[in-house]
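Overview (structure and organization)
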Amino acid sequence: MIVIDQLSKIFKTASSELVAVDQLSLSIEKGEIFGVIGYSGAGKSTFIRLINRLEEPTSGRVEIEGELITGLSKNALRVKRQNIGMIFQHFNLLWSRTVSENIAFPLEIAGVSKEEIEKRVQELVDLVGLSGKETSYPSQLSGGQKQRVGIARALANRPKVLLCDEATSALDPETTDSILALLVDINKQLGLTIILITHEMHVIQKICHNVAVMEAGRIVEQGSVLDVFSHPKKNVTKKFVEQVMGKPDDEVAEDSFIATVAEGHVLKLQFIKENTNQALISEVAKKFKVDVNILQGNIKRTQEGAYGSLYVQMVGEEVTVQEAIQYIEQTSVEVEVITHD
Amino acid sequence: MTNLFPNIDWADLVVATGETLYMTLAALLGTLILGVILGLLIYLSQPGGLWENKWVHLVTAAFVNIFRAVPFIILIFLILPITIFLFGTFRGPTAALPALILGSAPFYGRLVEIALKEVDGGVIEAAKAMGAKTRTIIFKVLLRESLPALVSGLTVTAIALIGYTAVAGAIGAGGLGDYAYYYGFTRRDMDIVYICTILIVVIVFIFQAIGDAVTRKIDKR
């Protein structure tokens, strides 16, 4: 578990003070993927650097699995850092070293023996899917491959925590997805706690368990990804949710399409944390003598299940339709009857 | 050959060429060591650097600026007492080395500093995040990542040094400059001046070619 308590960072210049991180408190469970989202300037980049003290906190505490990071001496911190992995937006690889040599670097720093380095590097190359690229130089790799080297390098000393600083922001959408899949994979395989910062909500949606929304150095909203998605409270959060779900206006252009529905009922099915009712529609159609016609829908998958809504038209005998609605209501899907003729 | 260059003693010419090469290479070695130390000190002690230190920064920067400002021929006269104290004479190629090194190391030091500044700050941050010691960052990140720029800077410095050896030669250091001046210019035997010029140009070209080849080989960007 990682505990962050009243953490602040104030940058002082000759004439002014900038509060980058403002009395921030958080706790992050072991083995979870925790996302911090915010616009640029919100202080998230400073925040993640405070965790391994690449930036010295002005005040406050950081604790990782009971060890007080903010209390460590310079030398003890240096040794501790060997067990906190970090990956970066621009990868930060050494261009003068090959893929293998880059991955070996943190092992050299930790004083691992040559034979062991060789063995470990090969394991890591396989883990991140870079077999065959061992002797390539970073300049010969694509962005996604470079980030894979970054991840392998960060994992070399078997850390318990991985810090991701906008790790996918410099990548195209497809490559982003493959890197996110790799992060989920290592999170599950190695039980690694991952803290990532990003300005892209779909990164949060795809891989995070919990999320904190940051604005002006503070956390303005926090909770499980599904909660934050389904009930965003603050405006900044709503905007981030819109990045993924689209604007509510787009979705509920209800009147226009409802007017075109001539018969039957229009139902709104709200899916939250859905894992069990994947085949709900076809089940309903099979069980009851009703026709179900999908009008519009927007459903996203998160680590905890699906989230979103579906508009359907249901045509049939009134009694049968009511039975079908009752059946759906028994599941975790919420039903809202919008019109009926 | 003897018709084209009637006044040349070929054995003397070989000796002079050897002296020029000796002065250049020996001074280059001294320049490399002193220049890297100066460049590193300026870079590391700068505000926000790994060894931030106002006084070290001020002193090294002042040393570099002063010795770069002094014209080389005057520098030779200025450090004459030191040369005589060290070697008992100011004549000969070895006695020229202190002046050559002091003349070119500050120049190379600046090139080293520029090369180090070009190293991506993100890479240094990554090394810190891995728990690297400052020593590791210096040798395995800073110097290694800037190596191509360090080599091409050394090539430029080497060529300036060849010019300096000729200047030193004119006041008795030996080498091709010495030979061209005393045996050629003062006796009006211009064929000696010409052959010395050709040899110096050839040496410069060889140094440049070696420098370029090494840079190409190590530059993996």
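Numbering of residues starts from 1 in every chain and runs along the sequence as written. Throughout, the order in which chains and ligands are written sets their labels, letters from A for the former and numbers from 1 for the latter. Thresholds applied to this predicted model are a pLDDT of at least 70 for local features of residues and 80 or more for the giving and counting of side-chain atom pairs; totals over whole chains, interfaces and linings are not thresholded and use all residues. Only hydrogens and water are removed before side-chain values are computed, so all heavy atoms of the structure are retained for them.

Per the secondary structure count, chain B includes ten helices and zero strands. Only DSSP runs of H or I covering at least 4 residues are called helices, and only runs of E covering at least 2 are called strands; the numbering of each starts at the N terminus. In sequence order, chain B lays out its α and β elements as α-α-α-α-α-α-α-α-α-α. Its C-alpha atoms put chain B at 70 × 40 × 25 Å along the principal axes. Type-normalised accessible area, obtained with a 1.4 Å probe on protein chains alone, sets the label of each residue: buried when under 20%, exposed when over 50%, and partly exposed for intermediate values. Burial analysis of chain B (221 residues in total) assigns 48% to the buried set. Of the contacts formed within chain B by residues at least 6 apart in sequence, a portion of 74% connects residues at least 24 apart. Accessible surface computed for chain B: about 10900 Å², of which carbon and sulfur atoms make up 70%. The centroid of the 16 positive side-chain charges in chain B is displaced by 9 Å from the centroid of its 14 negative side-chain charges. Residue contacts are defined here by distance: any two heavy atoms, one from each residue, within 4.5 Å place the two residues in contact. Only the protein chains shown count as cover for residues, and the accessible areas themselves come from Shrake-Rupley with a 1.4 Å probe. In this tally, Asp and Glu contribute negative charge and Lys and Arg positive charge; neither His nor the terminal groups of the chain are included. Charged groups are reduced to one reference atom each: NZ for lysine, CZ for arginine, CG for aspartic acid, CD for glutamic acid.

Buried residues of nine kinds, namely Ala, Val, Leu, Ile, Met, Phe, Trp, Tyr and Cys, make up a nonpolar core once their side-chain atoms join them within 4.5 Å. I4(A), F47(A), I51(A) and L142(B) are the most contacted members of the largest nonpolar core, which has 87 residues in total. Excluding anything up to four places from it in sequence, I4(A) contacts L24(A), S25(A), L26(A), F47(A), I51(A), R61(A) and V62(A). In terms of nonpolar packing, the next biggest core, distinct from the first, is built from 52 residues, V99(A), A104(A), L180(A) and V236(A) among them.

For the rest of this paragraph, the subject is the sheet that holds strand β10 (residues 218-224) of chain A. Residues and elements named next belong to chain A. Pairing is mixed across the open sheet formed by six strands, whose spatial order is β6-β7-β8-β3-β9-β10. Across the chains shown, the open sheet's two edge strands, defined by having one partner strand only, are β6 (84-87) and β10. Strand after strand, the sheet turns through a mean of 15 degrees between neighbouring axes, direction not considered. Two strands are counted as paired when DSSP detects at least two bridges linking them. Direction of pairing for β6 relative to strand β7 (residues 161-165): parallel, over a ladder of four bridges. Working convention: axes come from line fits to C-alpha atoms, limited for helices to the stretch in contact. Angles between N-to-C directions cover 0 to 180 degrees.

The subject of this paragraph is helix α3 (residues 99-109) of chain A. The element α3(A) is largely enclosed, with a buried count of nine among its eleven residues. Every buried residue of α3(A) is accounted for by V99(A), S100(A), N102(A), I103(A), A104(A), F105(A), P106(A), L107(A) and I109(A). Those residues of α3(A) that are buried lie in contact with α4 (114-127) and α5 (143-155) of chain A together with α6 (121-129) and α7 (134-145) of chain B. In the segment just after α3(A), G111(A) is the residue with positive phi, at about 75 degrees.

Below, the discussion takes up the UniProt feature "domain: ABC transmembrane type-1" (unreviewed entry) in chain B. UniProt records the feature "domain: ABC transmembrane type-1" (unreviewed entry) at residues 17-211 of chain B, using the numbering of this structure. What you have in residues 17-211 of chain B is 85% helix and 0% strand, and the ends, taken at the C-alpha atoms, are 20 Å apart. UniProt positions are given in the numbering used here, feature names are shortened, and annotations may be inferred rather than shown by experiment.

Below, the discussion takes up α7(B). What α7(B) keeps buried is the set T136(B), I137(B), I138(B), V141(B), L142(B), L143(B) and E145(B). Where α7(B) is buried, its residues contact α3 of chain A together with α1 (10-45), α5 (93-117), α6 and α8 (147-173) of chain B.

Residues and elements named next belong to chain A. An order of β2-β1-β4-β5 is seen for the four strands of this open sheet, with the pairing classed as antiparallel. Each of the sheet's edge strands pairs with one partner strand only, and the pair in question is β2 (17-28) and β5 (67-68). Across two bridges, strand β4 (residues 59-64) lies against β5 in antiparallel orientation. Each bridged residue has a counterpart across the sheet, and for E63 the counterpart in β5 is L68.

A word on empty space enclosed by the protein. With a 1 Å grid spanning the protein atoms alone, the term cavity applies to any set of points in which a 1.4 Å probe fits but cannot get out, the term pocket to an open set with protein on both sides within 12 Å along at least five of seven lines, and the term lining residue to any residue with an atom within 4 Å of a point. Grid points are joined across faces, edges and corners, and a volume is the space filled by probe spheres set on the points. Within the structure shown, the criterion is met by three cavities of 30 Å³ or more. Empty space within the largest cavity amounts to approximately 120 Å³. Around the largest cavity, the lining comprises 13 residues; the ones closest to its centre are G85(A), M86(A), R153(A), A154(A) and M130(B). Counting residues per element, the ones that place at least two in the lining of the largest cavity are β6 and α5 of chain A together with α6 of chain B. The dominant element in the lining of the largest cavity, judged by the number of residues it contributes, is β6(A), at three residues.

We now examine the pairing of strand β3 (residues 33-37) of chain A. All names here are of chain A. Across the five residues that make up β3, a large majority, five, are buried. Taking every second residue as pointing to the same face, both faces of β3 are buried, with I33, G35 and I37 on one and F34 and V36 on the other. Pairing analysis gives four bridges linking β3 to strand β9 (residues 210-215), with the strands arranged parallel. Across the sheet, the residue bridging to V36 is A212, located in β9.

A few words now on the packing of aromatic side chains. Residues and elements named next belong to chain B. Stacked, edge-to-face and tilted are the three classes for Phe, Tyr and Trp ring pairs, Trp counted by its six-membered ring, which pair at centre distances within 6.5 Å; planes under 30 degrees apart are stacked, over 60 edge-to-face, the rest tilted. Considering all chains together, one arrives at eight aromatic pairs over all chains under this definition. Look at Y181 and Y182: their rings are 4.9 Å apart centre to centre, the planes differ by 80 degrees, and that puts the pair in the edge-to-face class. On the basis of relative accessibility, which here comes to 34%, the residue Y181 falls in the partly exposed class. Look at Y182 and you get partly exposed, because its relative accessible area is 32%. Judged by centre distance (6.0 Å) and plane angle (15 degrees), the rings of Y181 and F185 are stacked.

Further remarks concern the side chain of S8(A). Residue and element names in this part refer to chain A. Within the secondary structure layout, S8 lies in strand β1 (residues 2-12). Polar contacts, as counted here, are pairs of nitrogen or oxygen atoms within 3.5 Å of one another; within protein the pair requires one atom able to donate a hydrogen and one able to accept it, and residues that are adjacent in sequence qualify only if both atoms are side-chain atoms. In this structure the side chain of S8 is engaged in a polar contact, spanning 2.9 Å, whose partner is the backbone nitrogen of Q23. Setting aside anything within four residues of it in sequence, one finds S8 in contact with V21, D22, Q23, P57, T58 and S59.

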